[in-house]
Amino acid sequence: IGIPSMELADVTSDLQRRNRHISPILSVSYQRPIAMHAAAFQYMYDKVGNTFLDAYNNIPHVGHCHPLVVEAAQKQMETLNTNTRYLYDQLAEYAEKLLEKCPKPLNKVFFVNSGSAASDLAVRMAKAHTQKDKMVVLEHGYHGNTEQSIAVSDYKFNHPKGNGQPSNVIKVPLPDTYRGDFQDKKAGKKYALALQEALRNQSNIAAFIAESIVGCGGQVPLAEGYLKEVYPIIRSKGGLCIADEVQTGFGRLGTHFWGFQTHGVVPDILILGKPMGNGHPIGAVVCTDAVAESFEKGVEFFSSFGGNPVSCAVGLAVLEVIAKEGLQENAQAVGTYYLEQLRHLQQKHPVIGDVRGSGLFLGIDIVHPNTKNTYNHLAQYIKNEFRKRHILISTDGPDDSVIKTKPPLCFTKGNVDHVITSLDNL
Ligand code: PLP
């Protein structure tokens, strides 16, 4: 991978001039947006006839515009497509099927229409159940863009400069075995001790919230054993454990259906979103009977679009396709191959500092070859060069220097070879 000799053009100001109505997040993440026209499975097509390999997007989980998902949506659209406090088969059936996938005592589902709304609701539920107020959050975690979900996030775009978390949020170190303080086999335990220390003089703890692989924060898997140590610490203080599965759920990690299962824990509350609807907006909170009961004592929860019949029909179709097409197994097989190929590449290219992740949820940490510091400039260059080669990837992490690749679960080994060859030849 060659080091670019030229500085990148200031694409942000160019974008602002050309597309004044696009949010700053888009301008940073995608620079000049591609005018997409259509998509199918792991491919996207722009307006001038180019085909792009989507090596990035984890929202179209079972593949863009999967025909069974499209058919389910169309059929439901024609029969019943609004919900205002009625019961219908799709709602009951989807809740049942979703709960079949969840270990006990997770037993109740509340539907909303985004991951942010789910995070927001999860925080409110934890506070209602425990009658406590403090949230324990991970450094570089991301949980959404609403007031409550921003408060429990530590993401570069969320907090305006100088505005950190509110005083009822306790931020603890990310158990990162690549960049963090502890990198050995016992790192999980050491990070858990650090959390314990941070909470030593704290009371009033409502919950701990974490992703099992921190996605927007740089595709960082939590150190092995960390959650197993942390959950009892939080519970001993009377708090609940919340797992944010918006990115890591529904078989993406290959070995298990949920990310928390890779850590051998069972949370009290789950936050779900993105892949549930394969692009259609759905989110959900799954929790224990006890949590649901305390929450519902205080409020009557209602969401106009949560549990919409079309969303439920789509959600059911997604679950069906994952099972029928063996997509979790594919994520495991293709993801393992992908990681192996990236590791080979890492031997050849010193700018690849680390490759990490599980299943089809991987990160490539781009570093300066001499200092091993983050190398945002090169990561942006790679992203742009990939785009010219019609491969979609993105970058994230605190310095935007980690390449994220989390494609639809129908990605093939041939697709992986294409990405690897392109990266090798840059
Ligand atoms: N939680 C995690 C882990 C996420 O990655 C995201 C979005 O990227 C969210 C929550 C928020 O979901 P949404 O964008 O659907 O509101």
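Residues numbered from 1 in each chain as written. Predicted model: local features only at pLDDT ≥ 70, side-chain atom pairs only at ≥ 80, totals over all residues.

Within an unreviewed UniProt entry, the label attached to the chain reads Aminotransferase, class III, and the organism entered is Croceitalea dokdonensis DOKDO 023. According to the UniProt record, the Cofactor (unreviewed entry) comment for the chain is "pyridoxal 5'-phosphate". (UniProt positions renumbered as here; feature names shortened; annotations may be inferred.)

Grouped together as the largest cluster of nonpolar side chains are 117 residues, with contacts concentrated most on Ala-122, Ile-242, Ile-269, Ala-284, Val-285, Val-286 and Ile-366. It is helix H10 (residues 309-324) that contributes the most residues to this core, 9 residues altogether. Two domains each put at least three residues into this core: domain 1 (11-55 + 326-424) and domain 2 (67-324). Setting aside anything within four residues of it in sequence, one finds Ile-269 in contact with Ala-122, Met-125, Ala-126, Leu-240, Ile-242, Val-285, Cys-287 and Val-291. (Core = buried A, V, L, I, M, F, W, Y, C linked by C-beta atoms within 7 Å. Buried ≥ 20, exposed ≤ 12 C-beta atoms within 10 Å, placed from the backbone. Helix = DSSP H or I, 4+ residues; strand = E, 2+ residues; numbered from the N terminus. Domains from an automatic or database assignment. Contact = placed C-beta atoms within 7 Å.)

To continue, consider the site of the ligand. In the vicinity of the ligand, 16 residues are found, and the nearest of them are Ser-114, Gly-115, Ser-116, Gly-144 and Val-246. Considering each element in turn, the shell around the ligand owes the most residues, 3 residues, to helix H5 (residues 115-130). Among the residues making up the shell around the ligand, the classes are represented as 3 nonpolar, 10 polar and 3 charged. (Near = placed C-beta within 6 Å. Nonpolar A, V, L, I, M, F, W, Y, C, P; charged D, E, K, R; others polar.)

The next point concerns the pairing of strand S2 (residues 43-46). Bridge count between strand S1 (residues 36-40) and S2: 4 bridges; the pairing is antiparallel. Bridge pairing links Met-36 to Asp-46 in S2. Following S1, the chain reverses through 2 residues before pairing antiparallel with S2; Phe-41 in that reversal takes a positive phi of roughly 50 degrees. Pairing of S2 with strand S3 (residues 51-54), which is carried by 3 bridges, proceeds in the antiparallel orientation. Bridged to Tyr-43 within S3 is Leu-53. (Pairing = 2+ DSSP bridges.)

Of all 7 residues making up strand S13 (residues 352-358), 7 are buried, and the element is well covered by its neighbours. Bridge count between S13 and strand S14 (residues 361-366): 6 bridges; the pairing is antiparallel. Note that in S14 the partner of Arg-356 across the bridge is Gly-363. Counting the residues in the hairpin turn of S13 and S14 gives 2 residues, including Gly-359, whose phi is positive at 55 degrees.

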